[in-house]
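Chains, contacts and geometry: an overview
What follows is each chain in one-letter form.
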Amino acid sequence: MLRVIVRRLLQLAVTLFALSILVFVWLRSLPGGPVDAMLGDRATPERRALLVKALGYDQPILVQYWRFLQRTLVGDFGASTRSGDSVLSVLGRAFPATIELTVAAMIIAVGLGVPLGYLAARYRGRMPDNLSVVGTLVGISIPIFFLGYLLKDVFTQHLHWFPPSGRISIGMDNTHVTGFFVLDGILTREWDASADAIWHLILPAATLATIPLAVIVRITRASVLDVLNEDYVRTAEAKGLRAKVVRQRHVLRNALLPVVTTIGLQTGALLAGAVLTEKVFNWGGLGTEITNSISGSRDYPVLQAVLMLAAIVFIVVNLLVDLSYAVIDPRVRVR
Amino acid sequence: MTNVLAEKKKARLEQLAQAAAEPGGVGLWREALRRLRRNPAGMVGAVIVLAFLLLAVFAPLIAPHDPAQRFKELTDNLRADHIPGAMSGFPLGGDPNGRDFLSRLIYGSRQTLFVGVLATLIGLTAGVTIGALAGALGGWVDMLLMRLTDVMLALPSLLLAISLVALASKSSQWTVIAAVATVNVPIFARLLRGAMLAQRESDHVLAARSLGVKQRAIVLRHMLPNSLTAVIVQATLTFSVAILDAAALSFLGLGDPDINRAEWGLMLGTDGQRYFEVRPELAYYPAIAIVVVALGFTLLGEAMRESIDPKNRR
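Residues numbered from 1 in each chain as written. Chains lettered and ligands numbered in written order. Predicted model: local features only at pLDDT ≥ 70, side-chain atom pairs only at ≥ 80, totals over all residues. Heavy atoms only, no water.

To continue, consider a nonpolar patch on the surface. Residue and element names in this part refer to chain B. On the surface, Leu50, Leu53, Leu54, Val57, Phe58, Leu61 and Ile62 cluster together to form a nonpolar patch covering roughly 670 Å² of accessible area. Mapped by element, the contributors of at least two residues to the nonpolar patch are α3 (40–57) and α4 (59–62). Among the elements that line the nonpolar patch, the one with the most residues is α3, at four residues. In this structure, Leu61 sits in helix α4. Taking the relative accessible area as the measure of exposure, Leu61 reaches 71% and is therefore exposed. (Patch = residues over 30% accessible without salt bridge, like charges linked within 9 Å, V, L, I, M, F, W, Y side chains within 5 Å. Areas by Shrake-Rupley, 256 points an atom, 1.4 Å probe, with all protein chains shown as cover. Salt bridge = Lys/Arg side-chain N within 4 Å of Asp/Glu carboxyl O. Helix = DSSP H or I, 4+ residues; strand = E, 2+ residues; numbered from the N terminus. Buried < 20%, exposed > 50% of the residue type's maximum accessible area, 1.4 Å probe, protein only.)

Dropping the structure here:
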C-alpha cells in the first residue's frame with residue numbers, strides 16, 4: 001500500500017514537472033510574447049525594454065524557467081492584468097465557488113447514477129433499461145450550456161422555483177469562513193445562509209451533473225451486467241444466500257470498481273463543464289474567471305493559474321481514486 | 001532460380017499470415033456490417049448520419065434562400081426586442097440580421113460537417129502517427145510520447161481547447177478546428193498504441209517476422225491495418241464531441257467571428273444565447289439539430305464498436 005502511494009506520488013511529480021514546462025512554453029508562445037500581452041498595443045520601445053529587463057526576459061531560457069518554477073512553487077502567479085489584484089487572491093475567491101458547485105454536481109451524479117444504472121441492469125431489456133439507454137445518450141449529446149438556459153427558463157422564468165443566478169441572495173449577510181457558502185452557514189450556525197446557498201446551488205449543479213450522470217449510469221449498468229454473469233455470483237446464489245446479501249456483497253461491491261474510475265475521470269468533465277455552467281448562472285468561480293480572462297484583452301496570468309490549478313485538481317482526484325481501489329478491491333490491497 | 005522460388009514462397013506465406021489475421025476467413029468489415037444491420041439502434045444512427053450528410057451535400061438545392069442575404073421583409077420590423085417570426089416565404093422567420101433562419105439552419109449542416117470532420121481527421125492523423133511511432137518503436141520514443149499524452153490528458157479537454165484558442169490573438173474558424181483536433185490527439189494516440197502493442201505479440205506478426213519481412217513492412221502492412229478498427233470507431237464517436245466542443249467555444253466567445261457563416265454551434269452559442277428571451281427558437285432549432293446529429297454519430301459509433309468486438313462474434 002505504502003509502495004503504491006509512493007510510486008503514484010512520484011508519477012504525480014513527473015506529470016506536474018512536465019505540465020510546468022508546458023505552461024512555461026505556452027506563456028512564451030503567446031502572440032507577441034508575454035510582454036506585449038501585458039503591455040497591449042500602446043507600448044513604447046523604452047517601456048518594452050524596461051519590462052523585458054524587469055521580468056527577466058533578457059536572461060537565458062533555463063534561468064527564466066528556473067525563476068518561473070520558483071515563483072510558481074511559492075504560489076506567486078503575478079497580478080491580474082484586468083483588475084491588478086494578485087492572482088492568488090482571485091483564486092482564493094473563485095476556487096471554493098467552483099469546488100462547491102462540482103462537489104454538488106458529483107453528489108447528484110453519483111447519488112442518482114449508481115442506483116439508476118443498477119436498476120437498468122437488473123431490468124435489462126425492459127422498460128427501465130430502455131429508458132436509461134435513450135436518456136443517457138441524449139444526456140451526453142446535449143450541449144450543457146443550452147440545457148442550462150433551458151432549465152433556467154423553465155424553473156426561474158416560468159415556475160419561479162429557483163433563483164436565476166449567483167451563489168447567494170443579495171442582502172444575505174453571511175459570514176465567510178472557508179468560502180464554501182453551504183459549509184460556512186453550518187460552521188457559524190447561520191442555517192438560513194446555508195439553506196439559501198443550497199437553494200442557489202440546485203439548478204447549476206443539476207445542469208453540470210448531466211454528463212457525468214449519463215456516463216455513470218452507463219458504466220454502472222455495463223459493470224453490473226458483467227458481474228451478474230460471473231461464476232462467484234452463481235455460486236453465492238447456489239449456496240442459498242439471500243438475494244439481498246448477494247446483491248450487496250457480491251454484485252454491487254465488485255461492480256463499483258469501474259464506476260469509481262469513471263468518477264475520477266469525470267472530474268475533468270465537471271471542471272470543463274463548470275466553465276460553461278458558471279457562465280450561464282453567473283456563478284463567480286474558476287469558470288467565470290476563465291471566461292472573463294479570455295473575453296476582450298486576455299488576462300494571461302489569471303488564465304495560466306486557473307488552468308494549472310484545474311489540471312492539479314484533476315490529477316490529484318485521479319490519484320485519490322487510484323488509492324481508493326485498495327480499499328474497495330482486496331486484490332490490490334495485497335499487492 | 002532458387003531465389004525466385006524463395007521469393008514466391010515468402011509471398012505466399014505472407015498472404016497466409018495476413019489471412020490468419022482475419023478470423024473465420026470472412027472479412028472483418030463484412031462480418032461487422034452484417035451484425036450492424038441487425039442492430040436497430042445502429043441503424044437509427046446510420047439513417048441520421050446519412051440524412052445529415054445528404055442535407056449538407058444538397059443544401060443549395062434544399063434551402064429556399066441564400067443564407068447570407070438580408071431580406072427587406074425580415075429587416076422591416078427587426079428590433080433588439082423583436083425578431084420577425086414565420087411569414088410566407090420564410091417558414092421559420094428571420095434571424096437577428098434579417099436573414100432567412102431556415103436557410104441558415106440548412107446551410108449550417110455544411111459548416112458543422114466541415115468543422116466536425118476536419119477536426120476529427122486532423123486529430124486522428126496526428127494521433128495515429130504518434131501512436132504508431134510509439135507502438136512500433138517502443139523504448140524511449142514510446143516513453144516520451146506517452147508522457148506527452150499524459151500531460152495533455154491531465155488537462156480537461158475543453159480547458160485544453162480554451163488554452164489553445166487563447167494562444168491565437170484572433171480566433172477564427174481555423175483556431176477552433178485546430179484546438180478541437182488537438183484535444184483528440186492523445187486519445188487516438190493511446191488507442192492506436194494499445195492496439196499496436198497487442199498486434200506486436202500476435203501470431204501473424206511473429207510469422208511475418210520469422211519470414212524475414214522487414215520491420216517497416218511489418219508495421220505498415222501487418223500491424224497498422226489490423227490496429228485501425230478501434231480508431232475508426234473512435235472517430236465516429238469523436239465527431240459528436242467535436243461539434244459539441246466547437247459549440248462550447250462559440251458560446252464562450254472564442255468561436256468563429258464571421259457573422260455570415262452559418263454553423264449550428266455558432267448559431268446556438270451566439271444569437272441563440274443572446275436573444276434567448278426574445279426568440280428562443282433561435283436557440284432551440286440549432287440545439288435540436290446538434291443533439292440529433294451528435295446522437296446519430298454516437299449511436300452509429302457504439303453499434304460499430306459492438307459489431308467489431310470479437311466477444312459478439314458468433
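There is more to say, and it comes next.
Further remarks concern the nonpolar core. Of all hydrophobic cores here, the largest spans 117 residues; its most connected members are Ile290 of chain A together with Ile162 and Leu249 of chain B. The dominant element in this core, judged by the number of residues it contributes, is helix α13 (residues 281–308) of chain B, at 13 residues. With near-sequence residues (within four places) excluded, Leu249 of chain B lies in contact with Leu158, Ala161, Ile162, Val165, Val176, Val180, Leu254 and Gly255 of chain B. (Core = buried A, V, L, I, M, F, W, Y, C linked by side-chain atoms within 4.5 Å. Contact = heavy atoms within 4.5 Å.)

Note: interface size is frequently given as the accessible area lost on complex formation between the parts. Chain A puts 39 residues into the contact, and the matching count from chain B is 35 residues. Across the interface of chain A and chain B, roughly 3,300 Å² is buried in total on both sides, 78% from carbon and sulfur atoms. At the junction of chain A and chain B, the tally comes to one salt bridge. Arg218 of chain A is the partner of Glu302 of chain B in a salt bridge, and the nearest nitrogen-oxygen pair spans 2.7 Å. There are two residue pairs in polar contact (both at pLDDT 80 or more) connecting chain A and chain B. (Buried area = accessible area lost by both parts, 1.4 Å probe. Polar contact = N/O pair within 3.5 Å; in protein donor to acceptor, adjacent residues only side chain to side chain.)

Residue and element names in this part refer to chain B. Two elements in contact, helix α8 (residues 157–167) and helix α11 (residues 215–251), have axes whose closest approach is 11 Å; the angle formed by their N-to-C orientations is 55 degrees. Classified by the angle between their axes, α8 and α11 sit oblique to one another. As α8 runs across α11, the sense of the crossing is right-handed. Judged by residue contacts, Ser157, Leu158, Ala161, Ile162 and Val165 of α8 engage Asp245, Ala248 and Leu249 from α11. (Axes fitted to C-alpha atoms, helices over the stretch in contact; angles between N-to-C directions. Parallel < 35°, antiparallel > 145°, perpendicular 65-115°, else oblique. Left-handed = near helix turned anticlockwise from the far one by under 90°.)

Take unusual backbone geometry next. All names here are of chain A. Residues other than glycine seldom take positive phi values, yet His160 does so here, at roughly 55 degrees. Within the secondary structure layout, His160 lies in the loop between α7 (144–158) and α8 (181–187). Since its relative accessible area comes to 61%, His160 is described here as exposed. Positive phi, close to 50 degrees, is recorded for Asn282, a residue that is not glycine.

Scanning the entire structure with this criterion turns up five salt bridges over all chains. Of the charged contacts in the structure, one is a salt bridge between Asp85 of chain A and Arg93 of chain A, with a shortest N-O distance of 4.0 Å. For Asp85 of chain A, a relative accessible area of 31% gives the class partly exposed. A salt bridge links Arg193 of chain B to Asp142 of chain B, with the nearest nitrogen and oxygen atoms 2.6 Å apart. Of this pair, Arg193 of chain B sits in helix α9 (residues 173–200) while Asp142 of chain B sits in helix α7 (residues 139–154), and the two are 51 residues apart along the sequence.

Our next topic: the domain arrangement of chain A. Residue and element names in this part refer to chain A. Its domain assignment divides chain A into domain 1 (2–73) and domain 2 (95–334). Computed from C-alpha coordinates alone, the two centres of domain 1 and domain 2 are separated by 33 Å. At the interface, 17 residues of domain 1 touch 10 residues of domain 2. Summed over both sides, the interface of domain 1 with domain 2 buries roughly 1,300 Å², with 85% coming from carbon and sulfur. For the domain 1 face of the interface with domain 2, the top three residues by lost area are Arg8, Leu12 and Trp26, together amounting to 36%. Where domain 1 touches domain 2, the interface holds zero salt bridges. Inspection of the region where domain 1 meets domain 2 yields zero residue pairs in polar contact (both at pLDDT 80 or more). Looking at the side of domain 1 that touches domain 2, the elements with two or more residues in it are α1 (2–28) and α4 (61–73). (Domains from an automatic or database assignment.)

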